[in-house]
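Overview (structure and organization)
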Amino acid sequence: MSWGTELWDQFDNLEKHTQWGIDILEKYIKFVKERTEIEISYAKQLRNLSKKYQPKKNSKEEEEYKYTSCKAFISTLNEMNDYAGQHEVISENMTSQITVELTRYVQELKQERKSHFHDGRKAQQHIETCWKQLESSKRRFERDCKEADRAQQYFEKMDADINVTKADVEKARQQAQLRHQMAEDSKADYSSTLQKFNHEQHEHYYTHIPSIFQKIQEMEERRIVRIGESMKTYAEVDRQVIPIIGKCLDGIAKAAESIDQKNDSQLVIEAYKSGFEPPGDIEFEDYTQPMKRTISETSLSNSRGDSKTELKFASKSKGKLWPFIKKNKLSLKLGAGPEDFSNLPPEQRRKKLQQKVDELNKEIQKEMDQRDAITKMKDVYIKNPQMGDPGSLDHKLTEVGQNIEKLRLEVQKFEAWLTEVEGRLPVRGEQARRQSGMYEAQNTPSVNNCAQDRESPDGSYTEEQSQENELKMMATDFDDEFDDEEPLPTIGTCKALYTFEGQNEGTISISEGEILYVIEEDKGDGWTRIRRNEDEEGYVPTSYVEVYLDKNAKGAMTYI
């Protein structure tokens, strides 16, 4: 099966077919190129998606990712990032192994095809030239033969005419002989040209054209093989990343299996546990014994010594049984609690103190590492004075030492607070249903009366209960002040100059350009109380808003 023998007369069709083959190859290159662009775009979108849902550093959202379900989600995002990387690998490998290679091969193929068809056209032009020569020689032979016949007929006519002179007859005879000689020469030339043409034609159709077409056939078959190899490479590039993609998916599945609902529940306990004991039973107040009640009230007045405070607590007793059940509104203007975190419940305070101790220990370790590095550098300077002056490092060493000492003092201070808190934390089962501060603040005065009423289960007086009781009473008082008061009236409006993220308790988030209602002026602490609607109100920095007070409310003033 050879194009040279089977398709010897299909030069034009072969030229069209090979051009079509190159077009197919270029179409496949374009297909692969678009696939690589899709892979790159897909990988980019996956990376952006993974980045979009990653928790922001040093944000509240990052703290929430301590739960196993959230950790599994982070693992999923990381695995998706690796998954996107594999699609980038697919794009890179397809580009380097298919697109680039085939593009170079197409250029070579075009040059080779051009060369082969140039040789074919050259061979065709040569056989056409030989054919023209043969036709020319044939026509000349035909013309000379006809001229010789006419000359012979003219001579015979002149020779038969008695009126013609002998000289004219001789002239006609010589002319006839000349024409016959020319015809013989033309015949010989035609015969030679014909033989030459037949030889050239045989060579053309049985040697030159088969050789050229065979090369074109081999070229076309190489193109077909090459596109087949490229398709295999296309599949292999995908197949090579399947194990890694499988590992990514296995990682996601493993992360899902690592979710521990019990552990997450325990973390919720650790995050929000206050450390207080639940309130105890409320004692029955027997109002059928007025004498006993009168005596109790008298003893309460004597023990407290502050009838105003007593009346305040008595009037605001609403049966609250739990301290810190409302948000601590004391911190809404401050933005930060006291250094010893005494504004927090015991358990949360312990966690914050422990966290602070750990942070300080890390700082101490950094300073110690820096001190060691400076000491080593100083030793090098001592051994090699040309590298530097050892004395220039003494000041730095002294400064680092002072920093370490300050940090150690801070650690001792926080550890002392931590020890104090850990000593006060109640233990379940060790103390049976301790009375709550709310109960002490609103029920029989004898509960709040004196030290003998605050006893631990073994009958001994505990200073811890006294302090805890006082703290609970203060929290109750403060919460009740907010609970009992009527909603503050609107005294003006304000426009948000900047966006403010209200993350602390009591603050409210605002957006630039937002219009809100003012319900309390700045009291000199830098905060203004505003309201968005009936359910949303809080404090914002005064410098973040432009305030317009109503004329009927303390005059028209503007704060910027």
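Remember, predicted model here, so these are calculated numbers, not experimental data.

**Some points on a nonpolar patch on the surface**
A cluster of nonpolar side chains, namely L49, Y53 and F73, defines an oily patch on the protein surface of about 270 Å² accessible area. By secondary structure assignment, the location of L49 is in helix α2 (residues 11-52). Look at L49 and you get partly exposed, because its relative accessible area is 44%.

**Things to note about the pattern of salt bridges**
Here the structure, examined in full by the defined rule, presents 22 salt bridges. Among the salt bridges present, the one from E142 reaches K146, with a minimum N-O distance of 3.5 Å. Taken together, the residues E142 and K146, both in helix α4 (residues 68-160) and four residues apart, mark about one turn of the helix. Since its relative accessible area comes to 42%, E142 is described here as partly exposed. A relative accessible area of 45% places K146 in the partly exposed class. Across the salt bridge formed by E220 and R223, the nearest N and O atoms sit 2.5 Å from each other. With E220 and R223 both in helix α5 (residues 166-257) and three residues apart, this pair spans about one turn of that helix.

**Focus on the packing of α2 against α5**
It is the contact of α2 with α5, at a shortest axis distance of 11 Å, that shows an interaxial angle of 15°. Classified by the interaxial angle, the pair formed by α2 and α5 is roughly parallel. For the element pair α2 and α5, the recorded crossing hand is left-handed. Split by residue class, the contact of α2 with α5 holds 15 nonpolar, four polar and four charged.

Definitions and cut-offs
Residues numbered from 1 in each chain as written. Predicted model: local features only at pLDDT ≥ 70, side-chain atom pairs only at ≥ 80, totals over all residues. Heavy atoms only, no water. Patch = residues over 30% accessible without salt bridge, like charges linked within 9 Å, V, L, I, M, F, W, Y side chains within 5 Å. Areas by Shrake-Rupley, 256 points an atom, 1.4 Å probe, with all protein chains shown as cover. Salt bridge = Lys/Arg side-chain N within 4 Å of Asp/Glu carboxyl O. Helix = DSSP H or I, 4+ residues; strand = E, 2+ residues; numbered from the N terminus. Buried < 20%, exposed > 50% of the residue type's maximum accessible area, 1.4 Å probe, protein only. Axes fitted to C-alpha atoms, helices over the stretch in contact; angles between N-to-C directions. Parallel < 35°, antiparallel > 145°, perpendicular 65-115°, else oblique. Left-handed = near helix turned anticlockwise from the far one by under 90°. Nonpolar A, V, L, I, M, F, W, Y, C, P; charged D, E, K, R; others polar.

What is shown is where atoms sit, not what they do.
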